[in-house]
Amino acid sequence: MRVGIVGAGRVGVLTGLVLFEIGHEVTLFDIERSRVTALAEGAMPFFEPDAADLLDAAQRSERWAATGVPDALADCEVVLIAVPTPSSERGEYTLGPLRAAVASLREVTTNASVAWRAVLLRSTVLPGTTEAVVARGLAVNGATPCSVGYLPEFLREGSAIADAREPDRIVIGADDPEAVAVVRELFASVETQWFECGVRTAELLKVANNAMLSMCVSFSNEIARVAETAGATDASRLFEGLQLDRRFQGTPRAGIADYFAPGPGFGGSCLGKDLAALIAFAEAQGEEAAILKAVAQINRTQPLRLVDRIDSALDGLDGRHVLVLGLAFKPGTDDSRESIALPILRELSARGAVTRVHDPAATRAIAPAILGDLGVDAVGDDELEASLDASDAAILLTSWPEYLSSLPRRLATRTTPLLFVDSRGSLRDVKLAACVSYLTVGEAASNGGSDV
């Protein structure tokens, strides 16, 4: 099929690359010329495993194009809208980019005869948006030029290509059979579970899915808080036992288990944003959303709780040298949007710590001004060992493989006092030198033998 995609962000580019790999002809449109130019030259605008190789293959093919001209979409059979819907100050989705995308498509219909069978919204939105913004925005004299539906994405940064190649499900939100037929044809070669429902159900399903994952994380951290004050309690072991429940079992292990683990909280551009939007939507309907609000509150306070514990373990942060390992919200991506590292870095600096941060990918991608506003310095790969040696505390926030492979040796051979904060318990079984104190979420701090 001839596929048009509006929006050259993560979802648009990665969806387009996998559709190209399947065998479709893909035209990617975006109003940001610098991004279009980069893609046209074969340069990925962000880091995602396996994506660069796919883009290289696409660039050498006649089935791939990146353009800043919306009329190039006229000959496409299906158009996917994958523009960002960032949060407003009240937590609601900002629909300006979506309205602009629809306006561009409406302009195409006035300039040319289109071949579209369906326009499918892939951006995350609340119930009623596809109808109110997309269908009505495209309508002429009350009639749309094609079917309109909702096609939510469930791509995880760091494994998005794998998720797109082998999706656990494809949800089709459509109120007419043509949109369903188009989606099934688009993904005919993909083995997956198909789920068909109405447009509004699909819109709510996407947001509810992320709210559910957020709830798992905050539930785990609430139990971890109890464990920290219960004495001789190990929350990591607790959750190992909890996950022996048969509902977590299978081959491979149920993926939901990854969300039932103590840690510094959830971050990234999806969970928090979608949770806030669902809370705002529920309140607008007159619903209290008590559980959702509690999930958000636990996550807001979890980073500061971790800093409080570090402050106490060091007997004050003022003047202490602290190295934060990890800026991206998860391994495998350079994305630091809404990363849990940001409030931690801000609070460490506010309490007087001399704070530095390292990340294998994200410190190169983030704007230096952001780190400047946080009051921290970035550490290059060649400075990492020296920075660790000079630190009073090291906080492992993002469990990059690079850290998990190198830190055990450094911690076992350390000769000067260090507080090692293992925020996700990734190295809880590693042997530590006597001068290294260990702190993790869900356990009381342990000391290897010397004061920090």
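What comes next concerns the included structure. (Residues numbered from 1 in each chain as written. Predicted model: local features only at pLDDT ≥ 70, side-chain atom pairs only at ≥ 80, totals over all residues. Heavy atoms only, no water.)

So, on to the pairing of strand β12 (residues 393-396). The side-chain alternation of β12 yields two buried faces, one formed by A393 and I395 and the other by A394 and L396. The pairing of strand β9 (residues 321-325) with β12 spans four bridges and is classified as parallel. Its bridge partner lying in β12, V322 is registered against A393. In this sheet, strand β13 (residues 418-422) lies alongside β12 in parallel orientation, the contact comprising four bridges. Within β13, the position partnered with A393 by the bridge is L419. Considered for its hand, the β-α-β crossover made up of β12, helix α16 (residues 401-412) and β13 is right-handed. (Buried < 20%, exposed > 50% of the residue type's maximum accessible area, 1.4 Å probe, protein only. Helix = DSSP H or I, 4+ residues; strand = E, 2+ residues; numbered from the N terminus. Pairing = 2+ DSSP bridges. Right-handed = clockwise from strand over helix to strand, strands pointing away.)

Turning to the pattern of salt bridges, a few remarks are in order. One pass over the structure, following the stated rule, counts 34 salt bridges. Between R10 and D334 there is a salt bridge, and its shortest N-O distance comes to 2.7 Å. Placement of the pair is R10 in helix α1 (residues 10-22) and D334 in the loop between β9 and α12 (341-350), with a sequence separation of 324 residues. With a closest N to O distance of 2.3 Å, R428 and D234 form a salt bridge. Taken as a pair, R428 in the loop between β13 and β14 (436-440) and D234 in the loop between α8 (199-230) and α9 (235-242) lie far apart in primary sequence, 194 residues in all. (Salt bridge = Lys/Arg side-chain N within 4 Å of Asp/Glu carboxyl O.)

Our next topic: the layout of surface pockets. Roughly 220 Å³ of volume is contained in the second largest pocket. Considering the residues around the second largest pocket, the lining is formed by 14 residues, among which L384, E385, E402, Y403 and S406 are closest to the centre. Only β9, α15 (384-389) and α16 provide two or more residues apiece to the lining of the second largest pocket. When residues of the lining of the second largest pocket are assigned to their parent elements, the largest contribution, six residues, is made by α16. Of the residues belonging to the lining of the second largest pocket, the class tally is seven nonpolar, two polar and five charged. (1 Å grid on protein atoms, 1.4 Å probe; cavity = no way out; pocket = protein on both sides within 12 Å on 5 of 7 lines; lining within 4 Å. Points joined across faces, edges and corners; volume = space filled by probe spheres on them. Nonpolar A, V, L, I, M, F, W, Y, C, P; charged D, E, K, R; others polar.)

So, about empty space enclosed by the protein. Applying the stated rule across the entire model yields one cavity of 30 Å³ or more. For the largest cavity, the calculated volume is near 30 Å³. In terms of lining residues, the largest cavity is bounded by E228, Q302, R305, L306, R309 and V441. It is helix α11 (residues 290-313) that provides the largest number of residues to the lining of the largest cavity, a total of four residues. The class makeup of the residues in the lining of the largest cavity is two nonpolar, one polar and three charged.

The next subject is the nonpolar core. Counting 50 residues, the largest nonpolar core has I310, L327, L348, L407 and F420 as its most contacted members. A per-element tally of this core places α12 first, with five residues. Y93, A101, V207 and V295 belong to the second largest nonpolar core, which has 47 residues in total. (Core = buried A, V, L, I, M, F, W, Y, C linked by side-chain atoms within 4.5 Å.)

This paragraph deals with the packing of aromatic side chains. Taken as a whole and judged by the stated rule, the model has four aromatic pairs. Look at F219 and F260: their rings are 6.1 Å apart centre to centre, the planes differ by 70°, and that puts the pair in the edge-to-face class. Highlighted residues: F219 in helix α8 and F260 in the loop between α9 and α10 (271-284), separated in sequence by 41 residues. Residue F219 is classed as partly exposed on the basis of its relative accessible area, which comes to 36%. Centre to centre, the rings of F420 and Y438 are 6.1 Å apart; their planes meet at 45°, and the pair counts as tilted. Of this pair, F420 sits in strand β13 while Y438 sits in strand β14; the two residues are 18 residues apart in sequence, bridging distant segments of the chain. The buried category is assigned to Y438, whose relative accessible area is 6%. (Phe/Tyr/Trp six-rings, centres within 6.5 Å; stacked < 30°, edge-to-face > 60°.)

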